[in-house]
Each structure stands twice: as C-alpha cells, then as structure tokens.
Amino acid sequence: MTETDRATALAAEPSEHTEPDPAKADLRRVGAHPDHWYPVALSRRVRPGKVLAATFAGERIALFRGESGTAHALEDRCAHRQVPLSMGVVEGETLRCRYHAWAYRGDGRISQIPYLAKGDRRPPRGVRAYPVREAYGLVFVFPGDPGRAAATPLPHLPAFGSPRYRTMTYSRTVRCHYSFMHENLLDMNHQFLHRGVVGRLHPELLGYEADERSVEARYLFTHTGGKRNRSAGLLAAEGIGGGTADVMTIRTDYPYQTLDLVPENAERPAFRLWAAYVPEDAEQRTCHAFGLLMIEKPGIPGLLQVAWPFIRRFTERVFAEDRMAVEAEQRAWDEQGEDRNHEVFPLILDVREVLRRNGVPLRAGAAACGSASPCDGARLADGVRGQE
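Note that the structure is a prediction, hence the values are computed from the model and not measured.

A.B. asks: How should I be thinking about the overall build of the protein chain in this particular structure?
C.D. replies: From N to C terminus, the protein chain includes six helices and 19 strands. Partitioning the intrachain contacts of the protein chain with sequence separation of at least 6 by distance along the chain shows that 62% fall at a separation of at least 24. Accessible area of the protein chain: about 18,700 Å², with a carbon and sulfur share of 50%.

A.B. asks: Got a minute to help me understand helix α1 (residues 178-186) in this structure?
C.D. replies: Because an α-helix completes one turn every 3.6 residues, residues spaced three or four positions apart along the sequence face the same direction. Counting buried positions along α1 gives nine out of nine residues, so the element sits mostly inside the fold. When we look at burial in α1, the residues that qualify are Tyr178, Ser179, Phe180, Met181, His182, Glu183, Asn184, Leu185 and Leu186.

A.B. asks: Explanation requested: empty space enclosed by the protein in the structure shown.
C.D. replies: By rolling a water-sized probe across the atoms, one finds the places where empty space is left. Throughout the structure, instances matching the rule amount to three cavities of 30 Å³ or more. Each pocket or cavity is described by its volume, and for the second largest cavity that value is around 40 Å³. Each residue belonging to the lining of the second largest cavity can be placed in one class, and the counts come to seven nonpolar, one polar and no charged.

A.B. asks: What is the right way to look at the sheet that holds strand β3 (residues 51-56) in this model?
C.D. replies: Hydrogen bonds along the backbone pair up the strands of a sheet, which may run parallel or antiparallel. Sheet architecture is open: three strands sit in the order β3-β4-β5, paired in antiparallel fashion. Each having just a single partner strand, β3 and β5 (71-75) make up the two edges of the open sheet. Shown here is a sheet whose adjacent strand axes are inclined to one another by a mean of 30°, direction ignored. The sheet contact formed by β3 and strand β4 (residues 59-65) spans six bridges and is antiparallel.

A.B. asks: Would you explain the pairing of β4 in this entry?
C.D. replies: Working note: regular strand, side chains alternate between the two faces of the sheet. Counting buried residues along β4, six of its seven residues qualify, which places the element largely inside the surrounding structure. In this structure, the hairpin formed by β3 and β4 is closed by a connection of two residues, where Ala57 is found at a positive phi of approximately 50°. Relative to β5, β4 runs antiparallel, the two sharing five bridges. Each residue of the ladder has a partner; that of Leu63, found in β5, is Ala73. Adjacent in sequence and paired antiparallel, β4 and β5 are bridged by five residues, among which Gly69 carries a positive phi angle near 95°.

A.B. asks: Please clarify how the nonpolar core should be interpreted in this entry.
C.D. replies: If you look at soluble globular proteins, the nonpolar side chains tend to sit buried side by side. By size, the foremost hydrophobic cluster in this structure holds 77 residues, and its most contacted members are Leu63, Met181, Tyr219, Leu259, Trp274 and Leu347. Apart from residues no more than four positions distant in its own chain, Trp274 is found in contact with Pro39, Leu138, Phe140, Pro155, Leu157, Tyr256, Gln257, Thr258, Phe290, Gly291, Leu292 and Met294. Core analysis: the next-biggest nonpolar cluster, separate from the first, contains 15 residues, Cys78, Ala79, Leu95 and Tyr104 among them.

A.B. asks: How should the sheet that holds strand β6 (residues 89-91) be read in this particular structure?
C.D. replies: Taken together, four strands build an open sheet; the order of strands is β6-β7-β8-β9 and the sheet is antiparallel. Strands with a single pairing partner mark the edges of an open sheet, and in this sheet they are β6 and β9 (110-112). By the bridge criterion, three bridges tie β6 to strand β7 (residues 94-96) in an arrangement that is antiparallel. Residue pairing in the sheet places Glu91 in a bridge with Thr94 of β7.

Here is what the cut-offs are and how they apply
- Residues numbered from 1 in each chain as written.
- Predicted model: local features only at pLDDT ≥ 70, side-chain atom pairs only at ≥ 80, totals over all residues.
- Heavy atoms only, no water.
- Helix = DSSP H or I, 4+ residues; strand = E, 2+ residues; numbered from the N terminus.
- Contact = heavy atoms within 4.5 Å.
- Areas by Shrake-Rupley, 256 points an atom, 1.4 Å probe, with all protein chains shown as cover.
- Buried < 20%, exposed > 50% of the residue type's maximum accessible area, 1.4 Å probe, protein only.
- 1 Å grid on protein atoms, 1.4 Å probe; cavity = no way out; pocket = protein on both sides within 12 Å on 5 of 7 lines; lining within 4 Å.
- Points joined across faces, edges and corners; volume = space filled by probe spheres on them.
- Nonpolar A, V, L, I, M, F, W, Y, C, P; charged D, E, K, R; others polar.
- Pairing = 2+ DSSP bridges.
- Axes fitted to C-alpha atoms, helices over the stretch in contact; angles between N-to-C directions.
- Core = buried A, V, L, I, M, F, W, Y, C linked by side-chain atoms within 4.5 Å.

If you want it as structure tokens, here you go:
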C-alpha cells in the first residue's frame, strides 16, 4: 500500500466494497492467534501470597506470586477433582488446592499430595503452565506453543518509564469481538460520536500503509468549532505546541495497537497509547482492553499532576462512548448471526484482512455459540495450541 488517501478511489470503484464478500471468512469468527504475549492482569493485582483468576479465550488461568516475587500462571483446575486452583492457597513458591491440598510448583508439576501412600494409584504429572513475563505494570502470558515464547518479543514501549512521560493504565472489559476495537481506533471518521466531549473535529486521512501484519494510518485533526473539554486540550498539549491541528498516527501491529498524537509545532508526541484486546470467552464475543496512555509532562512543574484526575475523567468518557458503539455492533452481529456490515472505508477493509490473515479460525462449537449461551469447553482450532 503506497501513501495515498485511497478514499478518493471509492467513486471510481463503487461496487468493490459495497457488499460483504461471501468468499471471505467472517472476521467475527476468527480467533486471536495464541502465539503472542497477551496481558491478562495488572501486576499490582497479583499480590504476594495471593491467587488471581484470569482468562484467555475461554481458558481459565490461575495467576499467583510466590514469596520470591516471581509470578506464575497455571491452568485453573486441579488435576485431582478439577476444582479451580484460583481458589487455592500460596505456600512459598507453590500453589496448594483448597480442596485436598494437592501442591503445584510454578511449572505446573505436582510437588506434594499430603495423603499419598506407597502403593496408591500413580497421580497425574500436573497441569499446564503458561510462560509468564512482567513488563509495563502488566502480567503477560503466552497461551500458544510454549516453544515459541522465548523467541517472541514483548511489545517495545520506549515512552514507558521515560522521564518525559507519565503513564495512565486502563483495564476494562468490553462485550465485543476484539476486531471491533481495532476498527474503532483506526477509523477516526467516527468523531461525531464524541462531539459532546471534543467539539467538532475534522479528521483528514493523510495516507496509510498496510502489509501482511500491520496497518498504519495518519490523520490530520483540526478543531472546527464547538465546546472542547479542557482536559482534551491538556492531553493534546494545547498551549504548549501552540497550534490547533494535530497529526495522529494509529497502527495495528498484530495483535497490538498504538496511537501517537503530535500537536502542531511540537517535536514529539503529546501522548502515546498502547492497547491490547484480549479475548476472554471461548467464542471471543468479549474482550478485555488493556491500555497504557503515556502523556508528555509539560514544562510547568506539577501541572500534569493537578490535571491527572481531569484527564482520567475525560479519557474514561471517550472510552465509554466507544464501548457503547462497539458493543452495539456486537449485539447486531449476535442478532443477525453473521457480519452484514457494508464497509466503504478501504483502510478498515485492509485492517480486517490483517486480522483475518493473522488470526486463527474458531472451532465450530465456539463460533456457533451466542453471547447469551456460553459454550463450555470450546477451544481454538485443533493444532494451534501447544501441548503440555
């Protein structure tokens, strides 16, 4: 994809994007590929000596932190009676099932069965352990082939921890397929939704590029009138860059998404957003959005600290409006049983291809389930996940 505003081509090719292509897989039936690092919890929520329940695409995970401070992730079931290990008790570096006190090491192996006697039936080896890494205040797990975990990098976020930026962390459940979230952030033509918060904004697509794994779009944002929330101005460094137009660069780099906003006349982004949308249920109709909003510190000492709660309130309101829209999209898909979207924006058609190409098909059982009737035991396509 060359740098161009492809939207001008729509008039010349009106039939190309007017109907859903029946030959292509319904994107809402495509699962997130498990061979990546996905955040499943905030690090501060996995407290020493405690257990926290998490999920990835219907797989229940028990997170616990041993006395050494190391975080571990195990399949959330005891190999004995299938009772969730997230109900268990941490002892040193082991997790003990609350029911019969079977103890598990961080690698999932059983370390003790208190009443096991010589001659008793041989017990199972243990449960699945997930590779774990902690970074950016998040606990990441690798739900795919564990043999690929070491060679798969975590996202690179140079602004996180930089003295120039302060980070605001988000963790919210959204009742929609993760693809709706990618589309929402990339398609900035929906600013009418936020007119009560940011006033009237005119987004102009400057161009975009796409390849096998990513789509990057650049917009010029101009405030054309209406009341603008003061926190929006603070977030966009209004009065620091001295301009009224911002350049926003948004990128889906599978499976993550980033957004950088550079005010007019500024040398660096006023803020940088990194986001991951982690499917929670097996049918992947619900996702958990983790976000890191890295905001540049202004030249006036203490100004950002004073503005922090107002910026938080502003961003939460914008997110709530976006969540309202994407959850409505998911409800329409649930009611219709298929994707009947008539998309006309080439940028979104391309990001759908990236998500479709890099994802994995859901098994028929999971794809057929509706959000009102969860599927027990539904999993991603056979052969995708790593074995214990």
